[in-house]
Amino acid sequence: MNTEKGFALVFCFVACFAVQPTAFAQDEGSPAEASEAADGATVAEEAPDDDSEVINVTGSRIKRRSIATAAPVAVINSQDILATGRTTVAEILQRLPASANGINTQFNNGGNGASRVNLRSLGPTRTLVLVDGRRYVAGGDGANASVDLNSIPLSMVDRIEILKDGASAVYGSDAVAGVVNIILKRDVEGVEASAYSSITERGDGRIYQVDVTGGVSTDDGRGNLIFSALFLDQQPIFAGERDWSADALGFDFDGFDAAGRPDDFTPFITRGTRSSAVPGGRIIDRSGAAGNAAWDALGCNGGTCQNFADTGWRTGVTAEDGYNFQPENYLATPFQRLSFYTKGNYEVNDYLGFFFEGSFTNRQSEQLIAPNPLFTISNGPNVVSATNRFNPFGRDFIDVRRRMLEAGNRVFIQDSNTFRLVIGMQGEIPEMGPISGWGWDAYVNYGRTETTNIQEGLFDNANLNLALGPDADCTGDCVPLNLFGGPGSITQEMIDYISFTGIERGFSEQHVAAVNVGGPLFNLFAADPVALAIGYQFRREDGANTPNPLAVSGDQIGATLAQPVSGFYEVNSGYAELSVPIVSGVPGLELLELNAAARLEDFNTFGSNTTYKVGLRYNPVNFLAVRGTFSTAFRAPNINELFSGQNQGFPNVSDPCSLVPGVGSLDDPIVAANCAADGLGGGVLDPSTQIATLTGGNINLNPETADTFTVGIVLEDSLLKGLTAAVDYYQISISDAIQNVGAGTILSGCYNQESRQFCDQIVRDPGSGVIINLEDQLTNVGGFDASGLDFDVRYASPNLPFGRLGAGVEGTILFELSQTDASGFTRDFVGNYDQRDISAGAVNPDYRLNAYLRWAWQFLNAGANFRYLPSFEECENNACSVNSDAEPISRPVDDYFYMDLYAGTNFSTFLGNTNITVGINNLTDVEPSFIGNGFTASTEPAAYDFAGRSFYARLTQRF
């Protein structure tokens, strides 16, 4: 996107709205004027200022006067957001202690410009994201199942409510780990314009943002119209610009263990993860075949040799001689975002009103990876022919490795558009007998995300085979490829012949129609009445993703097979929710309230599903509450899981019924008996140690189901003014999880145990009995379990001679986070690092902490935010939780303490109210903790800040 054009558009809107210099009604104050936390969530227990106001609280459809409910709900308000110095919704949410391991713009290799929230580390698909209480369209490359938070402009956010509880009975599918409800501004008067800029201490990673929000009301106060525009430009950070990420590093676990696990890790940090695909070329001789005199002189038979810039081809290759790919990668990926948002409402009378929302966001993002590595042994395999005109050694080679610098970096560019429109009506129901004070709303909601992903620097395997093969076969437009001449020996003509630019396209589309009715019924022994809400919703989700043709055919070098995805599903659902305040205002029983909800959903893919929820809140006195909930939840299979095509892989497994020594297991009596039962008593002549395996979607999937339980204590500020606290225990148990069984589990489940299972997923040739393939499509098997303790303590002082002070701490203690696979084995992730190939993987320490300090006095304010991740273990080969009797070799990962500072001032001029805030993020320039197994720069982009110390300033003008 053209930067100058983006700024021009935004400032045009500033000028358009500046003609109405009225007061900005939604005065948010300075960041330090709030007693709540920044970079964290407030204890959501206070009622609205106006006792007559009724509101919806996330997790309930019943309007109420108090935000306090039986379920744990935290709130990040506008002051909290300003105090972070951040520019996106994702950055705010991903720093919460209850959130972990969500993808963001620090994901380069494997990222696509999207950012997601991942409550409880159970996967983004198990966290439901709402906007103003309504579903929001998924975003990404197409056929996605979760919201891309980068499509929601932070400038329009009034507050964010986080329900740390299952809520499928109220909202339907996906509300398993919790619900994030992003509440946008409403009833705005006047104009507010803001400009933000930040830069790292090293002069990179610049961020520019300008936004304007304006609103106007009708003279009679019945209607309000809002418009907002935002432009954001984030520049990249290269891995080579940070000392800790400038080299490809690993960890010598064996040496560390042999040395008695000393405190100093430095001697065991190695460069062993450098790539063997080097710019000059490397040969690994696997056949020992004879060559010409040049080959004999090299002395590389059966060994490894490399082409060095100073000495040419020679043996004696070490890990240090590998290619350092790190400097060619982004640490923080660049993106630009242009967003427009409008919202309006008009009340015709008490019984009828209209509202609408419209938004459009264009995101242009990019990932940059080092030039393509060419491994002939794994790319086809390819054979470099003895008669290839550039082969100086007179023999065939099956394992030549070359870093293709001449082709330039691999670049992935996304152009993504997200459009959303909501149109609805609402009002009160005329009083009819016992029906009094009831309200209703009905709306339609349409959203669509379209993304084009351009992929540069890729190679065509079919053309590569011709270019490396015999000269006699390389005819017509074929251009022979020189892998032996060293850097610069590959011409542009050679590159043009083997390279291509891939284009991937996809979309996600959402249609929703809903109607809700609710209101009071009668009173029992409490001040508030028993209330009921009922509703109906229709929802349709469509999605498709079309990879580039060579990725589909398998001719794209260095990529797994990718198949097109296309499909849809529809669901009709109805719900009922009941709030029963039983008694209130009695000595020793300030309040006793019961809540219950149930929902029935009917999917066209798998059928119907019913969920329910019950909650209880008990206030023995006005400053103390005990709350608890129990609910059932579910996650319906998404479009990718249902309709993705079948891909073939070759995992390292062998047939237990093979009679080849060292391959089969016929000496095991259980295996022998099971093979005989299948008519294979004599064994199968199959020496393979890899078996073709089909993976992909499954139209016969059923939903995941879950039981969730919470119980907690809340201390409200009526005991000590300004002090609030909450402690909540949670437990989530997911059954029938949607996951693969695994090739090894299929074979061992069928043959290595008496109670056989998964045998129907093994396809054999009827004649020879040899396994043709294993069918390992997604299925419902195993599950996840998570439990822990959330706590939140905050204090805001009264007015003091030197101003007001605020402080707080918020954290999550993790008791359990585990995955059970198809064999019944449970992997525990608490306190260790695991790969990101499973929902609960990556960084999961025993606890996470956020804290803050605040000060405000007259027109000045200042504050500090803190984030802490304790040490955890990483194991050799990510084996902390594998099914093995051997104790894995492990090392402790350093803890991580991160601090931000800011200061600001407010003053009034003839233009209106002006706010200036400056800040320093990552004050002490702390580096990410080193993780030897970390996929990105030997660390984890979902857990740590990559930018280092950075400075920012924000100017906000309210007219």
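Residues numbered from 1 in each chain as written. Predicted model: local features only at pLDDT ≥ 70, side-chain atom pairs only at ≥ 80, totals over all residues. Heavy atoms only, no water.

## Topic: the nonpolar core
Part 1: Counting 42 residues, the largest nonpolar core has V89, L93, L149, I160, V180 and I182 as the members making the most contacts within it.
Part 2: In terms of residues, this core owes the most to one element, helix α3 (residues 89-94), which gives 4 residues.
Part 3: With 28 residues, the next largest nonpolar core counts V384, L468, C478 and I495 among its residues. (Core = buried A, V, L, I, M, F, W, Y, C linked by side-chain atoms within 4.5 Å. Buried < 20%, exposed > 50% of the residue type's maximum accessible area, 1.4 Å probe, protein only. Helix = DSSP H or I, 4+ residues; strand = E, 2+ residues; numbered from the N terminus.)

## Quick word on helix α11 (residues 669-677)
Counting along an α-helix, one turn takes 3.6 residues, and residues three or four places apart therefore face a common direction.
Part 1: Listed in full, the buried residues belonging to α11 are V671, N674 and C675. Each buried residue of α11 sits inside an arc of 100 degrees when the element is viewed along its axis, so together they form one side. Facing away from the buried side of α11, by more than 90 degrees, are the exposed residues P669 and A677.
Part 2: Buried residues belonging to α11 abut α12 (743-751).
Part 3: Where α11 begins, the capping side chain belongs to D668, and its oxygen is found 2.9 Å from the backbone nitrogen of I670.
Part 4: Positive backbone phi, approximately 80 degrees, marks G679, located one or two places after α11. (Arc of directions from axis to C-beta. Contact = heavy atoms within 4.5 Å. Polar contact = N/O pair within 3.5 Å; in protein donor to acceptor, adjacent residues only side chain to side chain.)

## A closer look at the pairing of strand β8 (residues 207-217)
Part 1: Of all 11 residues in β8, 8 are buried, a share of seventy percent or more.
Part 2: With 9 bridges connecting them, strand β7 (residues 190-200) and β8 associate as antiparallel partners. Pairing of G190 across the sheet is with G215, part of β8.
Part 3: The loop that links β7 with its antiparallel partner β8 comprises 6 residues; one of these, G203, has a positive phi angle of about 85 degrees.
Part 4: Of the pairings in the sheet, the one linking β8 to strand β9 (residues 223-234) comprises 11 bridges and is antiparallel in character. Counterpart to Y208 in the pairing with β9 is D233.
Part 5: Between β8 and β9, which follow one another and run antiparallel, lie 5 residues, and G221 among them has a positive phi close to 75 degrees. (Pairing = 2+ DSSP bridges.)

## So, the pattern of salt bridges
Part 1: Taken as a whole, this structure holds 44 salt bridges when the rule is applied.
Part 2: Linking R135 and D174 is a salt bridge whose minimum nitrogen-to-oxygen distance equals 3.6 Å. Residue R135 is located in strand β4 (residues 134-135), and its partner D174 is located in the loop between α4 (168-171) and β6 (178-184); the two are separated by 39 residues in the primary sequence. No difference in accessibility class separates R135 from D174, as the two residues are buried.
Part 3: In this structure, D678 engages R756 in a salt bridge whose closest nitrogen and oxygen atoms are separated by 2.8 Å. Here R756 lies in the loop between α12 and β34 (762-764) and D678 lies in the loop between α11 and β30 (693-695), a separation of 78 residues in the sequence.
Part 4: On the accessibility criterion, R756 (28% relative accessible area) is partly exposed.
Part 5: Through salt bridges that share partners, R126, R635, E641 and E704 make up one connected network. (Salt bridge = Lys/Arg side-chain N within 4 Å of Asp/Glu carboxyl O.)

## A look at a nonpolar patch on the surface
Part 1: A cluster of nonpolar side chains, F360, F419, L421, I423 and V444, forms an exposed patch at the surface whose accessible area comes to about 390 Å².
Part 2: Sort the elements by how many residues they give to the nonpolar patch and strand β21 (residues 410-428) lands first, with 3 residues.
Part 3: For F419, the position within the fold is in strand β21.
Part 4: Judged by its relative accessible area of 36%, F419 falls in the partly exposed class. (Patch = residues over 30% accessible without salt bridge, like charges linked within 9 Å, V, L, I, M, F, W, Y side chains within 5 Å. Areas by Shrake-Rupley, 256 points an atom, 1.4 Å probe, with all protein chains shown as cover.)

## So, unusual backbone geometry
Part 1: Phi angles above zero are rare outside glycine, and R120 is one such case at about 65 degrees.
Part 2: Positioned with a positive phi, R261 is a non-glycine residue whose angle comes to about 55 degrees.
Part 3: With respect to the secondary-structure elements, R261 resides in the loop between α5 (253-258) and β12 (269-270).

## Overview of the pairing of strand β38 (residues 804-820)
Part 1: Bridge analysis of strand β37 (residues 783-796) against β38 gives 14 bridges, and the strand direction is antiparallel. Bridge pairing in β38 places L789 opposite I813.
Part 2: Across 10 bridges, β38 lies against strand β42 (residues 847-857) in antiparallel orientation. Bridge pairing links A807 to L853 in β42.
Part 3: Bridge analysis of β38 against strand β39 (residues 826-828) gives 3 bridges, and the strand direction is antiparallel.

## Some words on the sheet that holds strand β20 (residues 400-403)
Part 1: Sheet architecture is open: 5 strands sit in the order β15-β14-β13-β20-β19, paired in antiparallel fashion. Two strands bound the open sheet, and with one partner strand each, they are β15 (312-314) and β19 (373-375). Between one strand and the next, the sheet's axes are offset by a mean angle of 15 degrees, whatever the strand orientation.
Part 2: Note: β19 against β20, 3 bridges, orientation antiparallel. The residue of β20 that forms the bridge with L374 is R402. (Axes fitted to C-alpha atoms, helices over the stretch in contact; angles between N-to-C directions.)

## Details of the state of the cysteines
Part 1: Under the criterion given, the structure shown has 5 disulfides.
Part 2: There is a disulfide in this structure between C300 and C305, and the S-S distance comes to 2.4 Å. Taking the sign of the torsion about the S-S bond as the criterion, the disulfide between C300 and C305, at about -95 degrees, is left-handed.
Part 3: The class for C300 is buried, based on a relative accessible area of 1%.
Part 4: Going through the protein chain in sequence order and numbering each bonded cysteine, the pairs you get are 1-2, 3-4, 5-6, 7-8, 9-10. (Disulfide = S-S within 2.5 Å.)

## Examining the packing of aromatic side chains
Part 1: Under the defined criterion, the tally for this structure stands at 29 aromatic pairs.
Part 2: Residues F866 and F897 carry aromatic rings whose centres are separated by 6.0 Å and whose planes lie at 20 degrees to one another, so their mutual orientation is stacked. Of this pair, F866 sits in strand β43 (residues 860-869) while F897 sits in strand β46 (residues 896-909), and the two are 31 residues apart along the sequence.
Part 3: Look at F897 and you get partly exposed, because its relative accessible area is 42%.
Part 4: Taken together, the aromatic side chains of F251, F253, F256, F265, F268 and F930 make up a single cluster linked through ring pairs.
Part 5: Stacked on the ring of F568, the Lys or Arg R540 has its end atom at 3.8 Å from the ring centre.
Part 6: A cation over an aromatic ring shows up here: R891 above the ring of F251, its NZ or CZ 4.8 Å from the ring centre. (Phe/Tyr/Trp six-rings, centres within 6.5 Å; stacked < 30°, edge-to-face > 60°. Lys NZ or Arg CZ within 6 Å of the ring centre and 35° of its normal.)

## Describing helix α7 (residues 461-468)
Part 1: All of the buried residues along α7 are N461, L464, A467 and L468. Along the axis of α7, the buried positions cluster into a sector of 115 degrees, meaning they face one direction only.
Part 2: Looking at the buried side of α7, the elements it contacts are β19, β22 (439-459) and α8 (492-498).
Part 3: Measuring from the backbone nitrogen of A462 back to the side-chain oxygen at the start of α7 gives 2.9 Å, which picks out D460 as the cap.

## Looking at the sheet that holds β30
Part 1: Pairing is mixed across the open sheet formed by 4 strands, whose spatial order is β29-β30-β35-β34. A single partner strand is all that each edge strand has here, and the edge strands are β29 (647-649) and β34. Across the sheet, the axes of successive neighbouring strands diverge by a mean angle of 25 degrees, strand direction being ignored.

## A word on the confidence of the model for the protein chain
Part 1: Considering every residue of the protein chain, the mean pLDDT works out to 90; 92% of them sit at 70 or more.
Part 2: Across the protein chain, strand β10 (residues 237-238) holds the top mean pLDDT of 98, while helix α1 (residues 3-17) sits lowest at 34.
Part 3: With pLDDT under 50 throughout, residues 1-41 is counted as low confidence; its partners more than four residues away or in other chains account for 121 contacts.
Part 4: With pLDDT under 50 throughout, residues 46-52 is counted as low confidence; its partners more than four residues away or in other chains account for 10 contacts. (pLDDT = per-residue confidence, 0-100.)

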